[in-house]
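Each chain is listed here by its residues.
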Amino acid sequence: MFPVKEPGSSKLSLLKIPSGEDFIVGRMYVAEGENLKATILLLHGFPGALLNLDIAAKLQAKGWNVLAINYRGSWGSQGNYSFGNAIEDVQAALKYIKQPDVAKENRIDVHRIGLVGHSFGGFLALKTASLDPSIKVMASLSGANFSLFINMIEQNPSLETQILNMLDEAAFFLHESSGEKLLQEVRNHEDEWNTFLFTPTLVDRKLLITAVSHDEELPKEYFHDPLEQILESAGADFETVLFDSDHNYLDKREELTSTIHDWLQKNL
(Lines give C-alpha, C1' and ligand atoms only; values in the text may rest on other atoms or scores of the structure.)
Protein backbone atom coordinates (compact mmCIF):
# COMPACT_ATOMS: atom_id res chain seq x y z
CA MET A 1 0.00 0.00 0.00
CA PHE A 2 1.36 3.41 -0.96
CA PRO A 3 1.69 5.98 1.82
CA VAL A 4 -0.77 8.88 1.67
CA LYS A 5 0.94 12.25 1.51
CA GLU A 6 -0.20 15.01 3.82
CA PRO A 7 -1.85 18.02 2.12
CA GLY A 8 0.75 20.61 1.29
CA SER A 9 3.70 18.25 1.49
CA SER A 10 6.53 18.58 -1.02
CA LYS A 11 6.43 16.23 -4.00
CA LEU A 12 8.18 15.24 -7.21
CA SER A 13 6.10 14.21 -10.21
CA LEU A 14 6.76 13.24 -13.82
CA LEU A 15 4.74 15.22 -16.34
CA LYS A 16 3.90 14.42 -19.97
CA ILE A 17 3.85 17.84 -21.61
CA PRO A 18 2.43 18.14 -25.13
CA SER A 19 4.68 19.93 -27.60
CA GLY A 20 3.97 19.82 -31.32
CA GLU A 21 2.87 16.28 -32.17
CA ASP A 22 4.86 14.81 -29.28
CA PHE A 23 5.21 14.75 -25.51
CA ILE A 24 8.23 16.00 -23.59
CA VAL A 25 9.36 14.87 -20.15
CA GLY A 26 8.89 17.24 -17.24
CA ARG A 27 10.04 16.76 -13.65
CA MET A 28 7.87 18.86 -11.38
CA TYR A 29 9.33 19.69 -7.97
CA VAL A 30 6.54 21.12 -5.80
CA ALA A 31 7.61 22.91 -2.63
CA GLU A 32 6.08 22.31 0.79
CA GLY A 33 3.03 24.34 1.81
CA GLU A 34 -0.57 24.53 0.60
CA ASN A 35 -0.26 28.08 -0.78
CA LEU A 36 0.44 28.82 -4.44
CA LYS A 37 4.15 29.05 -5.20
CA ALA A 38 6.39 31.00 -7.54
CA THR A 39 7.58 28.51 -10.13
CA ILE A 40 10.89 28.24 -11.97
CA LEU A 41 11.21 26.64 -15.40
CA LEU A 42 14.72 25.15 -15.36
CA LEU A 43 16.37 24.76 -18.78
CA HIS A 44 19.37 22.51 -19.32
CA GLY A 45 22.20 22.86 -21.81
CA PHE A 46 23.22 21.08 -25.01
CA PRO A 47 22.98 18.15 -25.21
CA GLY A 48 22.14 17.83 -21.51
CA ALA A 49 25.00 16.02 -19.77
CA LEU A 50 24.18 18.22 -16.77
CA LEU A 51 20.44 18.45 -16.14
CA ASN A 52 20.83 20.60 -12.99
CA LEU A 53 18.41 18.45 -11.01
CA ASP A 54 20.54 19.09 -7.93
CA ILE A 55 19.66 22.77 -8.24
CA ALA A 56 16.00 21.89 -8.75
CA ALA A 57 15.90 19.87 -5.52
CA LYS A 58 17.72 22.55 -3.53
CA LEU A 59 15.45 25.33 -4.78
CA GLN A 60 12.43 23.17 -3.93
CA ALA A 61 13.74 22.83 -0.37
CA LYS A 62 14.02 26.64 -0.20
CA GLY A 63 10.34 27.06 -1.12
CA TRP A 64 10.31 27.30 -4.92
CA ASN A 65 8.41 25.13 -7.36
CA VAL A 66 10.71 23.97 -10.15
CA LEU A 67 9.84 22.37 -13.48
CA ALA A 68 12.82 20.80 -15.27
CA ILE A 69 12.08 19.78 -18.86
CA ASN A 70 13.84 17.74 -21.54
CA TYR A 71 13.46 19.05 -25.06
CA ARG A 72 12.04 16.94 -27.87
CA GLY A 73 14.42 14.21 -28.95
CA SER A 74 16.44 14.32 -25.71
CA TRP A 75 16.58 12.20 -22.58
CA GLY A 76 13.28 10.36 -22.87
CA SER A 77 11.21 13.03 -24.60
CA GLN A 78 9.47 12.09 -27.82
CA GLY A 79 10.15 13.63 -31.23
CA ASN A 80 13.20 14.93 -33.02
CA TYR A 81 15.81 17.23 -31.57
CA SER A 82 16.46 20.64 -33.03
CA PHE A 83 17.25 24.03 -31.60
CA GLY A 84 14.01 25.39 -33.05
CA ASN A 85 12.01 22.59 -31.45
CA ALA A 86 13.62 23.35 -28.09
CA ILE A 87 12.47 26.97 -28.34
CA GLU A 88 8.92 25.74 -29.00
CA ASP A 89 9.19 23.20 -26.16
CA VAL A 90 9.83 25.94 -23.59
CA GLN A 91 6.78 27.84 -24.80
CA ALA A 92 4.72 24.63 -24.68
CA ALA A 93 5.82 23.97 -21.10
CA LEU A 94 4.84 27.48 -20.03
CA LYS A 95 1.42 27.09 -21.65
CA TYR A 96 0.96 23.71 -19.98
CA ILE A 97 1.68 24.79 -16.40
CA LYS A 98 -0.65 27.78 -16.75
CA GLN A 99 -3.63 25.51 -17.37
CA PRO A 100 -6.00 25.82 -14.36
CA ASP A 101 -6.02 22.09 -13.52
CA VAL A 102 -2.25 21.72 -13.81
CA ALA A 103 -1.62 24.90 -11.83
CA LYS A 104 -3.99 23.78 -9.07
CA GLU A 105 -2.53 20.27 -8.86
CA ASN A 106 1.02 21.64 -8.55
CA ARG A 107 0.25 24.74 -6.45
CA ILE A 108 1.58 27.07 -9.16
CA ASP A 109 1.11 30.84 -8.98
CA VAL A 110 0.71 31.49 -12.70
CA HIS A 111 1.55 35.17 -12.19
CA ARG A 112 4.98 34.35 -10.71
CA ILE A 113 6.88 32.25 -13.23
CA GLY A 114 10.58 32.70 -13.93
CA LEU A 115 13.12 31.11 -16.26
CA VAL A 116 16.57 29.83 -15.26
CA GLY A 117 18.77 28.32 -17.94
CA HIS A 118 22.36 27.11 -18.20
CA SER A 119 24.44 27.35 -21.40
CA PHE A 120 22.02 26.53 -24.25
CA GLY A 121 19.31 26.82 -21.58
CA GLY A 122 20.50 30.37 -20.92
CA PHE A 123 19.94 31.16 -24.57
CA LEU A 124 16.48 29.60 -24.32
CA ALA A 125 15.63 31.70 -21.24
CA LEU A 126 16.52 34.92 -23.04
CA LYS A 127 14.90 33.90 -26.31
CA THR A 128 11.66 32.84 -24.61
CA ALA A 129 11.49 36.06 -22.59
CA SER A 130 12.02 38.07 -25.77
CA LEU A 131 8.96 36.34 -27.25
CA ASP A 132 6.77 36.31 -24.12
CA PRO A 133 6.18 39.63 -22.32
CA SER A 134 4.59 37.80 -19.37
CA ILE A 135 8.03 36.53 -18.32
CA LYS A 136 9.43 39.24 -16.08
CA VAL A 137 12.30 37.35 -14.43
CA MET A 138 15.00 35.26 -16.10
CA ALA A 139 18.52 34.02 -15.42
CA SER A 140 21.13 33.04 -17.99
CA LEU A 141 23.99 31.03 -16.51
CA SER A 142 26.95 31.10 -18.90
CA GLY A 143 24.46 31.48 -21.72
CA ALA A 144 25.15 30.63 -25.36
CA ASN A 145 24.88 32.93 -28.37
CA PHE A 146 24.66 30.98 -31.62
CA SER A 147 25.44 33.88 -33.93
CA LEU A 148 28.94 34.07 -32.51
CA PHE A 149 29.74 30.61 -33.88
CA ILE A 150 28.79 31.77 -37.37
CA ASN A 151 30.92 34.88 -36.91
CA MET A 152 33.85 32.73 -35.82
CA ILE A 153 33.54 30.55 -38.92
CA GLU A 154 33.33 33.58 -41.20
CA GLN A 155 36.48 35.00 -39.66
CA ASN A 156 38.30 31.65 -39.61
CA PRO A 157 36.78 29.03 -41.96
CA SER A 158 39.02 26.30 -40.53
CA LEU A 159 36.92 26.43 -37.35
CA GLU A 160 33.89 25.00 -39.16
CA THR A 161 35.21 21.43 -38.96
CA GLN A 162 35.95 21.82 -35.25
CA ILE A 163 32.46 23.21 -34.53
CA LEU A 164 30.80 20.52 -36.67
CA ASN A 165 32.69 17.81 -34.79
CA MET A 166 31.60 19.28 -31.46
CA LEU A 167 27.97 19.37 -32.58
CA ASP A 168 28.19 15.84 -33.98
CA GLU A 169 29.58 14.47 -30.71
CA ALA A 170 26.64 15.97 -28.81
CA ALA A 171 24.07 14.96 -31.45
CA PHE A 172 24.96 11.29 -30.87
CA PHE A 173 22.78 11.47 -27.73
CA LEU A 174 19.86 13.17 -29.48
CA HIS A 175 17.18 11.76 -31.78
CA GLU A 176 17.37 12.53 -35.51
CA SER A 177 20.03 15.18 -35.06
CA SER A 178 23.45 15.87 -36.57
CA GLY A 179 26.09 18.56 -36.52
CA GLU A 180 25.31 19.53 -40.10
CA LYS A 181 21.58 19.90 -39.39
CA LEU A 182 22.20 21.96 -36.27
CA LEU A 183 24.77 24.27 -37.86
CA GLN A 184 22.50 24.88 -40.84
CA GLU A 185 19.69 25.71 -38.43
CA VAL A 186 21.87 28.33 -36.79
CA ARG A 187 22.80 29.79 -40.19
CA ASN A 188 19.10 30.03 -41.08
CA HIS A 189 18.35 31.98 -37.87
CA GLU A 190 21.58 33.90 -37.37
CA ASP A 191 20.01 37.24 -36.48
CA GLU A 192 16.92 36.05 -34.61
CA TRP A 193 19.05 33.79 -32.39
CA ASN A 194 21.60 36.47 -31.55
CA THR A 195 21.14 37.16 -27.83
CA PHE A 196 22.96 40.50 -28.17
CA LEU A 197 19.97 41.72 -30.22
CA PHE A 198 17.36 40.72 -27.62
CA THR A 199 18.13 43.69 -25.35
CA PRO A 200 15.33 46.03 -26.53
CA THR A 201 12.74 43.43 -25.49
CA LEU A 202 14.37 42.78 -22.10
CA VAL A 203 15.09 46.23 -20.70
CA ASP A 204 11.98 46.22 -18.50
CA ARG A 205 12.61 42.75 -17.05
CA LYS A 206 14.67 41.45 -14.13
CA LEU A 207 17.74 39.62 -15.42
CA LEU A 208 20.59 37.67 -13.85
CA ILE A 209 23.60 36.75 -15.97
CA THR A 210 26.46 34.69 -14.55
CA ALA A 211 29.81 33.64 -15.96
CA VAL A 212 32.85 31.62 -14.94
CA SER A 213 36.54 32.44 -15.08
CA HIS A 214 37.57 29.16 -16.78
CA ASP A 215 35.00 28.62 -19.52
CA GLU A 216 36.50 26.59 -22.35
CA GLU A 217 33.12 26.00 -24.01
CA LEU A 218 31.70 29.55 -24.07
CA PRO A 219 34.57 31.89 -23.14
CA LYS A 220 33.48 34.77 -20.95
CA GLU A 221 35.18 37.45 -23.06
CA TYR A 222 33.18 36.47 -26.16
CA PHE A 223 29.80 35.42 -24.77
CA HIS A 224 29.31 37.19 -21.43
CA ASP A 225 31.26 40.45 -21.44
CA PRO A 226 29.70 41.96 -24.61
CA LEU A 227 26.19 41.08 -23.39
CA GLU A 228 26.89 42.75 -20.06
CA GLN A 229 28.08 45.91 -21.84
CA ILE A 230 25.04 45.95 -24.15
CA LEU A 231 22.62 45.53 -21.24
CA GLU A 232 24.35 48.27 -19.27
CA SER A 233 24.27 50.67 -22.23
CA ALA A 234 20.55 49.99 -22.69
CA GLY A 235 19.80 50.71 -19.02
CA ALA A 236 18.54 47.17 -18.42
CA ASP A 237 17.72 45.99 -14.88
CA PHE A 238 20.24 43.21 -14.46
CA GLU A 239 22.73 41.69 -12.06
CA THR A 240 25.92 39.89 -13.02
CA VAL A 241 27.93 37.42 -10.93
CA LEU A 242 31.30 35.87 -11.76
CA PHE A 243 32.36 32.49 -10.36
CA ASP A 244 35.87 31.06 -10.22
CA SER A 245 34.86 27.76 -11.80
CA ASP A 246 34.37 25.82 -15.04
CA HIS A 247 31.49 25.95 -17.53
CA ASN A 248 29.40 23.54 -15.46
CA TYR A 249 30.11 25.21 -12.08
CA LEU A 250 31.05 21.76 -10.82
CA ASP A 251 32.87 22.98 -7.69
CA LYS A 252 30.45 25.85 -7.03
CA ARG A 253 27.04 24.17 -7.04
CA GLU A 254 26.03 25.36 -3.56
CA GLU A 255 27.14 28.94 -4.24
CA LEU A 256 25.39 28.97 -7.61
CA THR A 257 22.15 27.74 -6.05
CA SER A 258 22.38 30.32 -3.26
CA THR A 259 22.99 33.08 -5.82
CA ILE A 260 19.91 32.03 -7.80
CA HIS A 261 17.78 31.74 -4.65
CA ASP A 262 18.81 35.15 -3.29
CA TRP A 263 18.20 36.82 -6.64
CA LEU A 264 14.79 35.14 -7.03
CA GLN A 265 13.80 36.27 -3.55
CA LYS A 266 14.42 39.89 -4.52
CA ASN A 267 12.76 39.71 -7.93
CA LEU A 268 10.05 37.03 -7.99
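To be clear, the structure that these remarks concern was listed above.
Throughout what follows, the structure given in this document is the object of discussion. (Residues numbered from 1 in each chain as written. Predicted model: local features only at pLDDT ≥ 70, side-chain atom pairs only at ≥ 80, totals over all residues. Heavy atoms only, no water.)

## A word on the environment of Leu182
Part 1: Within the secondary structure, Leu182 is located in helix H7 (residues 179-188).
Part 2: Through-space distance from the C-alpha of Leu182 to that of Glu154 is 17 Å; in sequence the pair is 28 residues apart.
Part 3: Residues contacting Leu182, with those up to four places away along its chain left out, are Phe46, Tyr81, Ser82, Phe83, Leu167, Ala171 and Ser177. (Helix = DSSP H or I, 4+ residues; strand = E, 2+ residues; numbered from the N terminus. Contact = heavy atoms within 4.5 Å.)

## Thoughts on a nonpolar patch on the surface
Part 1: A cluster of nonpolar side chains, contributed by Trp75, Phe172 and Phe173, occupies part of the molecular surface with about 370 Å² of accessible area.
Part 2: One can find Phe172 in the loop between helix H6 (159-171) and H7. (Patch = residues over 30% accessible without salt bridge, like charges linked within 9 Å, V, L, I, M, F, W, Y side chains within 5 Å. Areas by Shrake-Rupley, 256 points an atom, 1.4 Å probe, with all protein chains shown as cover. Salt bridge = Lys/Arg side-chain N within 4 Å of Asp/Glu carboxyl O.)

## A few points about the side chain of Ser82
Part 1: Checked against the element boundaries, Ser82 lands in the loop between strand E4 (65-69) and helix H2 (83-97).
Part 2: With near-sequence residues (within four places) excluded, Ser82 lies in contact with Leu182 and Glu185.

## Some points on the pairing of strand E1 (residues 11-19)
Part 1: Pairing analysis gives nine bridges linking E1 to strand E2 (residues 22-30), with the strands arranged antiparallel. Paired with Leu15 across the two strands is Gly26, which belongs to E2.
Part 2: Hairpin connection, E1 to E2: the antiparallel pair is bridged by two residues, and Gly20 has positive phi, about 60 degrees. (Pairing = 2+ DSSP bridges.)

## Looking at unusual backbone geometry
Part 1: In this chain, Phe46 is followed by Pro47 through a cis amide linkage whose omega measures 0 degrees.
Part 2: Of note, Pro47 is situated in the loop between strand E3 (37-43) and helix H1 (53-61).
Part 3: The phi dihedral of Asn52 is positive, around 65 degrees, even though this residue is not glycine.
Part 4: As for its placement among the helices and strands, Asn52 is situated in the loop between E3 and H1.
Part 5: When its relative accessible area of 4% is taken as the criterion, Asn52 is described as buried.
Part 6: A positive phi angle, close to 50 degrees, is found at Ser142, a residue other than glycine.
Part 7: Summarising the element assignment, Ser142 is placed in the loop between strand E6 (137-141) and helix H5 (146-155). (Buried < 20%, exposed > 50% of the residue type's maximum accessible area, 1.4 Å probe, protein only.)

## Quick look at the packing of H1 against helix H11 (residues 253-267)
Part 1: The interhelical angle for the contact between H1 and H11, taken along N-to-C directions, is 50 degrees, at an axis separation of 10 Å. With respect to each other, H1 and H11 are oriented oblique. Along this stretch, H1 crosses H11, giving a crossing that reads as right-handed. From H1, Asp54, Ile55, Lys58 and Leu59 reach across to H11, where they touch Arg253, Glu254, Leu256, Thr257, Ile260 and His261.
Part 2: Among the residues making up the contact of H1 with H11, the classes are represented as four nonpolar, two polar and four charged. (Axes fitted to C-alpha atoms, helices over the stretch in contact; angles between N-to-C directions. Parallel < 35°, antiparallel > 145°, perpendicular 65-115°, else oblique. Left-handed = near helix turned anticlockwise from the far one by under 90°. Nonpolar A, V, L, I, M, F, W, Y, C, P; charged D, E, K, R; others polar.)

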